[in-house]
Amino acid sequence: MNAGAGQPILAGLRVVELSAFVACPFAGANLAALGAEVVRVDPPRGPMDAHRWPLHAGQSLYWAGLNQGKMSALIDTRTNDGRELVASLIERAGVLITNLPVREWNSYETLAERRKDLIMVVLTGNPDGSPAVDYTVNAAIGFPFVTGPADAQGPVNHVLPAWDVIAGSMMATSVVLAELHRMKTGEGQIVRLNLADIALAVASHLGLVAEAQLNDDPRPRIGNDVFGTFGRDFRTRDGHYVMVVALTVDQWRNLVEATAIADDVTRVENEHRVDLRDEGARFELRHEIAEMVQRWVGGRSMAEVADTFKSRGVLWGPYQTFKQLVQADPRCSAANPLFGSVEQPGIGKYVQAGSPIFFSAAAHQSPRPAPVLGADTKHVLSTWLEMGEATLGGLLSSQVISTHV
(Lines give C-alpha, C1' and ligand atoms only; values in the text may rest on other atoms or scores of the structure.)
Protein backbone atom coordinates (compact mmCIF):
# COMPACT_ATOMS: atom_id res chain seq x y z
CA MET A 1 0.00 0.00 0.00
CA ASN A 2 1.56 3.28 -1.14
CA ALA A 3 -0.09 6.69 -1.15
CA GLY A 4 1.51 9.83 -2.53
CA ALA A 5 0.55 13.40 -1.80
CA GLY A 6 -1.75 13.39 -4.81
CA GLN A 7 -3.58 10.22 -3.75
CA PRO A 8 -5.96 9.38 -0.91
CA ILE A 9 -4.23 7.90 2.11
CA LEU A 10 -5.38 4.30 1.52
CA ALA A 11 -4.85 4.25 -2.25
CA GLY A 12 -3.59 0.81 -3.28
CA LEU A 13 -5.34 -1.09 -0.47
CA ARG A 14 -7.83 -3.70 -1.70
CA VAL A 15 -10.61 -5.03 0.51
CA VAL A 16 -13.32 -7.65 0.02
CA GLU A 17 -16.42 -7.06 2.13
CA LEU A 18 -18.98 -9.76 3.03
CA SER A 19 -21.54 -7.92 5.08
CA ALA A 20 -25.04 -6.77 5.93
CA PHE A 21 -26.72 -3.99 7.90
CA VAL A 22 -24.59 -1.35 9.67
CA ALA A 23 -21.25 -2.13 11.29
CA CYS A 24 -19.28 -3.88 8.55
CA PRO A 25 -20.74 -1.81 5.70
CA PHE A 26 -19.84 1.31 7.70
CA ALA A 27 -16.28 0.01 8.03
CA GLY A 28 -16.07 -0.59 4.29
CA ALA A 29 -17.50 2.84 3.53
CA ASN A 30 -14.88 4.46 5.78
CA LEU A 31 -12.07 2.57 4.07
CA ALA A 32 -13.44 3.43 0.62
CA ALA A 33 -13.76 7.09 1.55
CA LEU A 34 -10.05 7.09 2.40
CA GLY A 35 -9.11 5.64 -0.97
CA ALA A 36 -9.23 1.86 -0.51
CA GLU A 37 -10.64 -0.23 -3.34
CA VAL A 38 -13.53 -1.99 -1.61
CA VAL A 39 -15.65 -4.66 -3.29
CA ARG A 40 -18.84 -5.68 -1.52
CA VAL A 41 -19.86 -9.19 -2.55
CA ASP A 42 -23.53 -10.13 -2.31
CA PRO A 43 -25.67 -13.02 -3.62
CA PRO A 44 -27.30 -12.63 -7.06
CA ARG A 45 -30.71 -12.38 -5.41
CA GLY A 46 -29.48 -9.24 -3.63
CA PRO A 47 -28.40 -8.48 -0.05
CA MET A 48 -30.80 -8.65 2.87
CA ASP A 49 -30.30 -4.94 3.64
CA ALA A 50 -30.78 -3.50 0.13
CA HIS A 51 -34.26 -2.11 0.83
CA ARG A 52 -34.04 -0.83 4.40
CA TRP A 53 -35.69 2.47 5.26
CA PRO A 54 -35.39 5.40 4.75
CA LEU A 55 -36.46 5.16 1.12
CA HIS A 56 -36.71 7.63 -1.75
CA ALA A 57 -38.24 6.75 -5.10
CA GLY A 58 -38.39 3.18 -3.84
CA GLN A 59 -34.62 3.06 -3.24
CA SER A 60 -32.85 2.70 0.11
CA LEU A 61 -31.02 5.83 1.25
CA TYR A 62 -29.64 3.71 4.08
CA TRP A 63 -28.00 1.30 1.63
CA ALA A 64 -26.73 4.12 -0.55
CA GLY A 65 -25.11 5.86 2.41
CA LEU A 66 -23.45 2.80 3.91
CA ASN A 67 -22.06 1.56 0.61
CA GLN A 68 -20.86 4.77 -1.03
CA GLY A 69 -17.62 4.55 -2.92
CA LYS A 70 -17.59 0.75 -3.11
CA MET A 71 -17.90 -1.65 -6.02
CA SER A 72 -20.61 -4.30 -6.11
CA ALA A 73 -20.16 -7.88 -7.27
CA LEU A 74 -22.97 -10.44 -7.23
CA ILE A 75 -21.63 -13.97 -6.79
CA ASP A 76 -23.51 -17.06 -5.66
CA THR A 77 -21.49 -18.57 -2.82
CA ARG A 78 -23.99 -21.41 -2.53
CA THR A 79 -22.12 -22.92 -5.48
CA ASN A 80 -18.60 -24.33 -5.52
CA ASP A 81 -17.68 -22.07 -8.44
CA GLY A 82 -18.99 -19.03 -6.60
CA ARG A 83 -17.07 -19.84 -3.45
CA GLU A 84 -13.92 -20.32 -5.50
CA LEU A 85 -14.41 -16.93 -7.17
CA VAL A 86 -14.85 -15.10 -3.87
CA ALA A 87 -11.91 -16.94 -2.29
CA SER A 88 -9.79 -15.91 -5.29
CA LEU A 89 -10.85 -12.27 -4.88
CA ILE A 90 -9.94 -12.39 -1.20
CA GLU A 91 -6.60 -13.96 -2.07
CA ARG A 92 -5.88 -11.22 -4.57
CA ALA A 93 -7.04 -8.41 -2.27
CA GLY A 94 -5.34 -9.70 0.86
CA VAL A 95 -7.97 -8.16 3.16
CA LEU A 96 -11.41 -9.50 4.12
CA ILE A 97 -13.90 -7.79 6.43
CA THR A 98 -17.13 -9.48 7.42
CA ASN A 99 -19.93 -9.53 9.96
CA LEU A 100 -21.65 -12.54 8.38
CA PRO A 101 -21.37 -16.12 9.67
CA VAL A 102 -18.03 -17.61 8.64
CA ARG A 103 -18.18 -21.00 6.91
CA GLU A 104 -15.42 -23.49 6.28
CA TRP A 105 -14.75 -22.19 2.77
CA ASN A 106 -14.11 -18.62 3.97
CA SER A 107 -12.60 -19.35 7.36
CA TYR A 108 -9.29 -17.74 8.17
CA GLU A 109 -7.58 -21.13 8.26
CA THR A 110 -8.82 -22.05 4.78
CA LEU A 111 -8.13 -18.69 3.19
CA ALA A 112 -4.71 -18.33 4.82
CA GLU A 113 -3.64 -21.49 3.03
CA ARG A 114 -4.08 -19.54 -0.20
CA ARG A 115 -2.42 -16.36 1.09
CA LYS A 116 -0.21 -16.52 4.14
CA ASP A 117 -0.31 -12.78 4.84
CA LEU A 118 -4.10 -12.53 4.72
CA ILE A 119 -5.76 -9.94 6.95
CA MET A 120 -9.25 -10.95 8.05
CA VAL A 121 -11.40 -8.81 10.37
CA VAL A 122 -14.46 -10.59 11.76
CA LEU A 123 -17.25 -8.95 13.77
CA THR A 124 -19.76 -11.05 15.69
CA GLY A 125 -22.58 -10.16 18.05
CA ASN A 126 -21.33 -11.95 21.16
CA PRO A 127 -17.89 -13.29 22.13
CA ASP A 128 -19.03 -16.88 21.51
CA GLY A 129 -20.11 -16.00 17.98
CA SER A 130 -23.83 -16.12 18.73
CA PRO A 131 -26.00 -13.45 17.12
CA ALA A 132 -26.68 -10.05 18.64
CA VAL A 133 -27.42 -6.64 17.17
CA ASP A 134 -26.99 -3.10 18.42
CA TYR A 135 -30.47 -3.00 19.91
CA THR A 136 -30.13 -6.26 21.87
CA VAL A 137 -26.62 -5.43 23.07
CA ASN A 138 -27.65 -1.97 24.23
CA ALA A 139 -30.59 -3.41 26.14
CA ALA A 140 -28.29 -5.56 28.25
CA ILE A 141 -25.64 -2.93 28.99
CA GLY A 142 -27.84 -0.56 31.01
CA PHE A 143 -28.16 2.60 28.92
CA PRO A 144 -31.96 2.29 28.33
CA PHE A 145 -32.50 2.62 32.09
CA VAL A 146 -30.66 5.95 32.29
CA THR A 147 -32.15 7.31 29.06
CA GLY A 148 -35.32 9.39 28.88
CA PRO A 149 -37.28 11.63 31.27
CA ALA A 150 -36.63 11.28 34.98
CA ASP A 151 -40.15 9.94 35.58
CA ALA A 152 -40.10 7.41 32.72
CA GLN A 153 -41.08 3.84 33.53
CA GLY A 154 -39.27 0.94 31.90
CA PRO A 155 -36.45 1.08 29.36
CA VAL A 156 -36.09 3.89 26.81
CA ASN A 157 -34.14 2.98 23.65
CA HIS A 158 -32.13 5.62 21.83
CA VAL A 159 -32.28 5.89 18.04
CA LEU A 160 -28.56 6.01 17.25
CA PRO A 161 -27.03 2.53 16.63
CA ALA A 162 -23.97 3.58 18.60
CA TRP A 163 -22.38 0.14 19.00
CA ASP A 164 -22.68 -0.55 15.27
CA VAL A 165 -21.05 2.78 14.43
CA ILE A 166 -18.25 2.29 16.95
CA ALA A 167 -17.76 -1.29 15.77
CA GLY A 168 -17.52 -0.16 12.15
CA SER A 169 -14.92 2.42 13.07
CA MET A 170 -12.98 -0.18 15.05
CA MET A 171 -13.11 -2.61 12.13
CA ALA A 172 -11.69 0.03 9.79
CA THR A 173 -8.99 0.87 12.33
CA SER A 174 -8.20 -2.82 12.72
CA VAL A 175 -7.62 -3.14 8.98
CA VAL A 176 -5.17 -0.24 8.98
CA LEU A 177 -3.33 -1.50 12.07
CA ALA A 178 -3.11 -5.03 10.69
CA GLU A 179 -1.84 -3.62 7.40
CA LEU A 180 0.86 -1.67 9.24
CA HIS A 181 1.86 -4.87 11.03
CA ARG A 182 1.94 -6.75 7.72
CA MET A 183 4.11 -4.08 6.12
CA LYS A 184 6.59 -4.35 9.01
CA THR A 185 6.65 -8.13 9.39
CA GLY A 186 5.06 -9.69 6.32
CA GLU A 187 2.58 -11.43 8.62
CA GLY A 188 -1.16 -11.61 8.20
CA GLN A 189 -3.64 -12.21 11.01
CA ILE A 190 -7.26 -12.59 11.96
CA VAL A 191 -8.78 -9.80 14.06
CA ARG A 192 -11.88 -10.61 16.08
CA LEU A 193 -14.33 -8.10 17.53
CA ASN A 194 -17.86 -8.40 18.89
CA LEU A 195 -20.58 -5.87 19.64
CA ALA A 196 -21.05 -6.96 23.25
CA ASP A 197 -17.39 -6.50 24.16
CA ILE A 198 -17.30 -3.12 22.41
CA ALA A 199 -20.30 -1.91 24.41
CA LEU A 200 -18.85 -3.27 27.65
CA ALA A 201 -15.50 -1.63 26.96
CA VAL A 202 -17.12 1.76 26.31
CA ALA A 203 -19.27 1.51 29.45
CA SER A 204 -16.16 0.58 31.42
CA HIS A 205 -14.06 3.44 30.02
CA LEU A 206 -16.82 5.89 30.92
CA GLY A 207 -16.78 4.73 34.53
CA LEU A 208 -20.25 3.20 34.40
CA VAL A 209 -19.13 -0.33 35.22
CA ALA A 210 -17.02 0.86 38.14
CA GLU A 211 -19.84 3.10 39.38
CA ALA A 212 -22.26 0.17 39.44
CA GLN A 213 -19.78 -1.94 41.42
CA LEU A 214 -18.64 0.63 43.95
CA ASN A 215 -21.61 2.92 44.57
CA ASP A 216 -24.71 1.73 46.40
CA ASP A 217 -27.22 3.83 44.49
CA PRO A 218 -27.82 3.05 40.81
CA ARG A 219 -27.33 5.78 38.23
CA PRO A 220 -30.67 7.63 37.98
CA ARG A 221 -32.49 8.95 34.96
CA ILE A 222 -31.96 12.70 34.70
CA GLY A 223 -33.74 13.58 31.45
CA ASN A 224 -31.85 16.10 29.34
CA ASP A 225 -29.41 17.12 32.06
CA VAL A 226 -25.74 16.26 31.55
CA PHE A 227 -24.54 13.93 34.29
CA GLY A 228 -21.94 15.27 36.68
CA THR A 229 -21.83 18.86 35.44
CA PHE A 230 -24.20 21.56 34.19
CA GLY A 231 -25.85 21.20 30.83
CA ARG A 232 -29.38 20.95 29.50
CA ASP A 233 -31.93 22.30 27.02
CA PHE A 234 -33.59 25.72 27.21
CA ARG A 235 -36.43 27.26 25.23
CA THR A 236 -36.28 30.76 23.75
CA ARG A 237 -39.11 33.28 23.67
CA ASP A 238 -39.90 32.42 20.04
CA GLY A 239 -40.10 28.68 20.65
CA HIS A 240 -36.61 27.47 19.66
CA TYR A 241 -34.49 25.18 21.79
CA VAL A 242 -30.81 25.52 22.66
CA MET A 243 -28.37 23.23 24.44
CA VAL A 244 -26.16 24.97 26.98
CA VAL A 245 -23.18 23.32 28.70
CA ALA A 246 -20.70 24.56 31.30
CA LEU A 247 -18.00 21.95 31.85
CA THR A 248 -15.09 24.17 32.83
CA VAL A 249 -14.67 27.12 35.17
CA ASP A 250 -14.24 29.48 32.21
CA GLN A 251 -17.38 28.16 30.53
CA TRP A 252 -19.31 28.58 33.76
CA ARG A 253 -18.05 32.15 34.20
CA ASN A 254 -18.99 33.00 30.59
CA LEU A 255 -22.50 31.62 31.07
CA VAL A 256 -23.01 33.54 34.31
CA GLU A 257 -21.86 36.78 32.70
CA ALA A 258 -23.86 36.26 29.50
CA THR A 259 -27.11 35.58 31.34
CA ALA A 260 -26.50 38.22 34.06
CA ILE A 261 -27.18 35.78 36.91
CA ALA A 262 -24.13 36.57 39.06
CA ASP A 263 -26.19 37.86 42.00
CA ASP A 264 -28.47 34.80 41.92
CA VAL A 265 -25.46 32.51 41.74
CA THR A 266 -23.92 34.17 44.80
CA ARG A 267 -27.20 33.80 46.68
CA VAL A 268 -27.44 30.07 45.86
CA GLU A 269 -23.81 29.52 46.81
CA ASN A 270 -24.35 31.19 50.18
CA GLU A 271 -27.57 29.29 50.84
CA HIS A 272 -26.05 25.89 50.09
CA ARG A 273 -22.49 26.71 51.18
CA VAL A 274 -21.01 25.55 47.89
CA ASP A 275 -18.77 26.95 45.18
CA LEU A 276 -20.48 26.60 41.81
CA ARG A 277 -17.14 26.78 40.05
CA ASP A 278 -17.04 23.09 40.97
CA GLU A 279 -18.88 21.10 38.30
CA GLY A 280 -20.11 18.52 40.80
CA ALA A 281 -21.79 21.30 42.76
CA ARG A 282 -23.30 22.63 39.54
CA PHE A 283 -24.79 19.20 38.88
CA GLU A 284 -26.25 18.88 42.37
CA LEU A 285 -27.84 22.31 42.09
CA ARG A 286 -28.70 22.00 38.40
CA HIS A 287 -32.41 22.67 38.91
CA GLU A 288 -31.79 26.00 40.66
CA ILE A 289 -29.28 27.04 38.02
CA ALA A 290 -31.61 25.96 35.20
CA GLU A 291 -34.36 28.21 36.54
CA MET A 292 -32.00 31.21 36.44
CA VAL A 293 -30.78 30.48 32.93
CA GLN A 294 -34.28 29.71 31.63
CA ARG A 295 -35.58 33.08 32.82
CA TRP A 296 -32.92 34.79 30.75
CA VAL A 297 -33.22 32.56 27.67
CA GLY A 298 -37.01 32.52 27.81
CA GLY A 299 -37.16 36.29 27.66
CA ARG A 300 -35.20 36.52 24.41
CA SER A 301 -35.50 35.44 20.81
CA MET A 302 -33.28 32.80 19.28
CA ALA A 303 -31.36 35.50 17.40
CA GLU A 304 -30.74 37.46 20.60
CA VAL A 305 -29.63 34.36 22.49
CA ALA A 306 -27.31 33.33 19.67
CA ASP A 307 -25.70 36.75 19.40
CA THR A 308 -25.09 37.01 23.14
CA PHE A 309 -23.82 33.48 23.58
CA LYS A 310 -21.45 33.78 20.62
CA SER A 311 -20.04 37.11 21.79
CA ARG A 312 -19.59 35.92 25.40
CA GLY A 313 -17.98 32.55 24.62
CA VAL A 314 -20.80 30.39 25.99
CA LEU A 315 -20.65 26.69 25.09
CA TRP A 316 -23.98 26.17 23.38
CA GLY A 317 -25.70 24.88 20.26
CA PRO A 318 -29.14 25.04 18.65
CA TYR A 319 -31.48 22.08 18.48
CA GLN A 320 -32.37 21.26 14.88
CA THR A 321 -34.41 18.63 13.09
CA PHE A 322 -32.77 16.74 10.24
CA LYS A 323 -34.88 18.81 7.86
CA GLN A 324 -33.67 22.06 9.42
CA LEU A 325 -30.10 20.79 9.26
CA VAL A 326 -30.18 20.24 5.51
CA GLN A 327 -32.27 23.30 4.70
CA ALA A 328 -30.60 25.98 6.78
CA ASP A 329 -27.24 24.83 8.12
CA PRO A 330 -24.32 25.66 5.79
CA ARG A 331 -22.28 22.88 7.36
CA CYS A 332 -24.56 20.38 5.63
CA SER A 333 -23.93 21.61 2.09
CA ALA A 334 -21.39 21.48 -0.70
CA ALA A 335 -19.82 24.61 0.82
CA ASN A 336 -18.37 22.28 3.46
CA PRO A 337 -15.40 20.26 2.09
CA LEU A 338 -16.78 17.27 3.99
CA PHE A 339 -19.67 17.14 1.53
CA GLY A 340 -19.92 16.68 -2.20
CA SER A 341 -22.71 16.33 -4.70
CA VAL A 342 -23.37 12.76 -5.83
CA GLU A 343 -25.65 11.40 -8.51
CA GLN A 344 -27.01 8.20 -6.99
CA PRO A 345 -28.55 5.88 -9.60
CA GLY A 346 -32.25 5.36 -8.98
CA ILE A 347 -32.39 8.18 -6.42
CA GLY A 348 -31.04 11.36 -7.96
CA LYS A 349 -28.65 14.13 -7.02
CA TYR A 350 -27.97 15.17 -3.43
CA VAL A 351 -25.08 16.09 -1.16
CA GLN A 352 -23.32 13.30 0.67
CA ALA A 353 -20.60 13.34 3.32
CA GLY A 354 -17.21 11.81 2.65
CA SER A 355 -14.55 11.01 5.21
CA PRO A 356 -14.31 13.51 8.10
CA ILE A 357 -10.56 12.78 8.28
CA PHE A 358 -8.31 15.22 6.42
CA PHE A 359 -4.61 14.39 5.96
CA SER A 360 -2.09 17.10 5.15
CA ALA A 361 0.11 14.67 3.20
CA ALA A 362 -2.59 12.96 1.14
CA ALA A 363 -5.48 13.97 -1.08
CA HIS A 364 -9.01 14.04 0.33
CA GLN A 365 -11.35 11.98 -1.80
CA SER A 366 -14.69 13.50 -2.78
CA PRO A 367 -17.80 11.51 -1.87
CA ARG A 368 -18.82 8.92 -4.45
CA PRO A 369 -22.18 7.22 -4.98
CA ALA A 370 -22.93 3.68 -3.92
CA PRO A 371 -22.79 1.12 -6.72
CA VAL A 372 -25.73 -0.34 -8.56
CA LEU A 373 -26.01 -3.91 -7.34
CA GLY A 374 -23.90 -6.15 -9.56
CA ALA A 375 -22.74 -3.37 -11.84
CA ASP A 376 -19.07 -4.07 -11.11
CA THR A 377 -19.15 -7.88 -11.21
CA LYS A 378 -17.52 -8.27 -14.59
CA HIS A 379 -15.08 -5.41 -14.04
CA VAL A 380 -13.84 -6.82 -10.73
CA LEU A 381 -13.42 -10.35 -12.06
CA SER A 382 -11.70 -9.18 -15.24
CA THR A 383 -9.29 -6.76 -13.53
CA TRP A 384 -8.60 -8.56 -10.25
CA LEU A 385 -8.65 -12.12 -11.61
CA GLU A 386 -7.86 -11.34 -15.28
CA MET A 387 -10.88 -13.28 -16.57
CA GLY A 388 -11.75 -13.09 -20.24
CA GLU A 389 -15.15 -12.56 -21.82
CA ALA A 390 -15.65 -16.23 -22.58
CA THR A 391 -15.14 -17.26 -18.95
CA LEU A 392 -17.34 -14.43 -17.71
CA GLY A 393 -20.03 -15.39 -20.20
CA GLY A 394 -20.03 -18.94 -18.92
CA LEU A 395 -20.35 -17.82 -15.33
CA LEU A 396 -23.25 -15.55 -16.27
CA SER A 397 -24.98 -18.34 -18.18
CA SER A 398 -24.64 -20.72 -15.25
CA GLN A 399 -25.92 -17.96 -12.89
CA VAL A 400 -22.87 -18.19 -10.67
CA ILE A 401 -22.48 -14.45 -11.13
CA SER A 402 -24.89 -11.69 -12.03
CA THR A 403 -24.63 -8.09 -13.18
CA HIS A 404 -28.01 -7.05 -11.74
CA VAL A 405 -30.63 -8.11 -9.23
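Residues numbered from 1 in each chain as written. Predicted model: local features only at pLDDT ≥ 70, side-chain atom pairs only at ≥ 80, totals over all residues. Heavy atoms only, no water.

**Brief notes about the sheet that holds strand β8 (residues 189–194)**
One open sheet holds the 7 strands; their spatial order is β8-β7-β6-β1-β2-β5-β14, and the pairing between them is mixed. Each having just a single partner strand, β8 and β14 (401–402) make up the two edges of the open sheet. Pairing geometry for strand β1 (residues 14–18) and strand β2 (residues 37–42), over 4 bridges, is parallel. Of the residues in β2, the one forming a bridge with E17 is R40. (Pairing = 2+ DSSP bridges. Helix = DSSP H or I, 4+ residues; strand = E, 2+ residues; numbered from the N terminus.)

**As for empty space enclosed by the protein**
Scanning the model with the defined rule gives 2 cavities of 30 Å³ or more in all. Surrounding the largest cavity, A32, A33, Q68, G69, A353, G354, Q365, S366, P367 and R368 form its lining. Class assignment of the residues belonging to the lining of the largest cavity gives a composition of 4 nonpolar, 5 polar and 1 charged. Here the second largest cavity defines a volume of roughly 40 Å³. Lining the second largest cavity, in full, are D134, Y135, N138, N157, H158, L160 and P161. Looking at the lining of the second largest cavity residue by residue, the classes come out as 3 nonpolar, 3 polar and 1 charged. (1 Å grid on protein atoms, 1.4 Å probe; cavity = no way out; pocket = protein on both sides within 12 Å on 5 of 7 lines; lining within 4 Å. Points joined across faces, edges and corners; volume = space filled by probe spheres on them. Nonpolar A, V, L, I, M, F, W, Y, C, P; charged D, E, K, R; others polar.)

**A look at the pairing of β1**
In terms of burial, β1 is largely enclosed, as 4 of its 5 residues are buried. Running through helix α1 (residues 23–33), the crossover from β1 to the neighbouring parallel element β2 is right-handed. Where β1 lies against strand β6 (residues 95–98), 3 bridges are found, and the strand directions are parallel. Looking at β6, one finds that V16 is bridged to L96. (Buried < 20%, exposed > 50% of the residue type's maximum accessible area, 1.4 Å probe, protein only. Right-handed = clockwise from strand over helix to strand, strands pointing away.)

**Brief notes about the packing of helix α5 (residues 134–141) against helix α7 (residues 195–205)**
Axis separation between α5 and α7 bottoms out at 10 Å; the angle between their running directions is 40 degrees. In terms of orientation, α5 lies oblique with respect to α7. Regarding α5 and α7, the two cross each other, and that crossing is right-handed. Of α7, the residues touching α5 (which contributes D134, V137 and I141) are L195, A196, A199, L200 and A203. In terms of residue class, the contact of α5 with α7 is built from 7 nonpolar, no polar and 1 charged. (Axes fitted to C-alpha atoms, helices over the stretch in contact; angles between N-to-C directions. Parallel < 35°, antiparallel > 145°, perpendicular 65-115°, else oblique. Left-handed = near helix turned anticlockwise from the far one by under 90°. Contact = heavy atoms within 4.5 Å.)

**A look at the packing of aromatic side chains**
Summed over the entire model, instances satisfying the criterion amount to 6 aromatic pairs. Centroid distance F230 to F234: 6.3 Å. Interplanar angle 40 degrees. Geometry classified as tilted. Take F230 and F234: they sit in the same class, and that class is buried. Arranged with centres 6.5 Å apart and planes meeting at 70 degrees, the rings of F230 and W252 form a pair that is edge-to-face. Of this pair, F230 sits in strand β9 (residues 230–235) while W252 sits in helix α9 (residues 249–259); the two residues are 22 residues apart in sequence, bridging distant segments of the chain. (Phe/Tyr/Trp six-rings, centres within 6.5 Å; stacked < 30°, edge-to-face > 60°.)

**Considerations on the environment of L66**
Structurally, L66 is set in helix α2 (residues 61–66). Between the alpha carbons of L66 and L373 there is a distance of 13 Å; along the sequence they are 307 residues apart. Not counting the four nearest positions on each side in its chain, L66 is found in contact with F21, V22, P25, F26 and A29.

**A closer look at the sheet that holds strand β10 (residues 241–246)**
Pairing is antiparallel in the open sheet, where 3 strands are placed in the order β9-β10-β11. In this open sheet, the two strands that pair with only one neighbour each are β9 and β11 (315–318). When strand polarity is set aside, the average angle formed by the axes of neighbouring strands in this sheet is 20 degrees. Inspection of the sheet shows β10 paired to β11 by 4 bridges, in the antiparallel sense. Pairing of V244 across the sheet is with W316, part of β11. Across the sheet, helix α12 (residues 286–298) touches β9 and β10, and the angle it forms with β9 is around 35 degrees. Across the face of the sheet, helix α13 (residues 302–312) comes into contact with β10 and β11 while running at roughly 150 degrees to β11.

**Notes on the layout of surface pockets**
Estimated volume of the largest pocket: approximately 1,500 Å³. Together, 34 residues line the largest pocket, and P54, L61, Y62, G65 and Q352 are the ones closest to its centre. The biggest single contributor to the lining of the largest pocket is strand β13 (residues 348–353), with 5 residues. Approximately 690 Å³ is the volume found for the second largest pocket. If you go around the second largest pocket, you meet 29 residues; those closest to its centre are N99, L123, T124, G125 and A132. Residue composition of the lining of the second largest pocket, grouped by class: 17 nonpolar, 7 polar and 5 charged.

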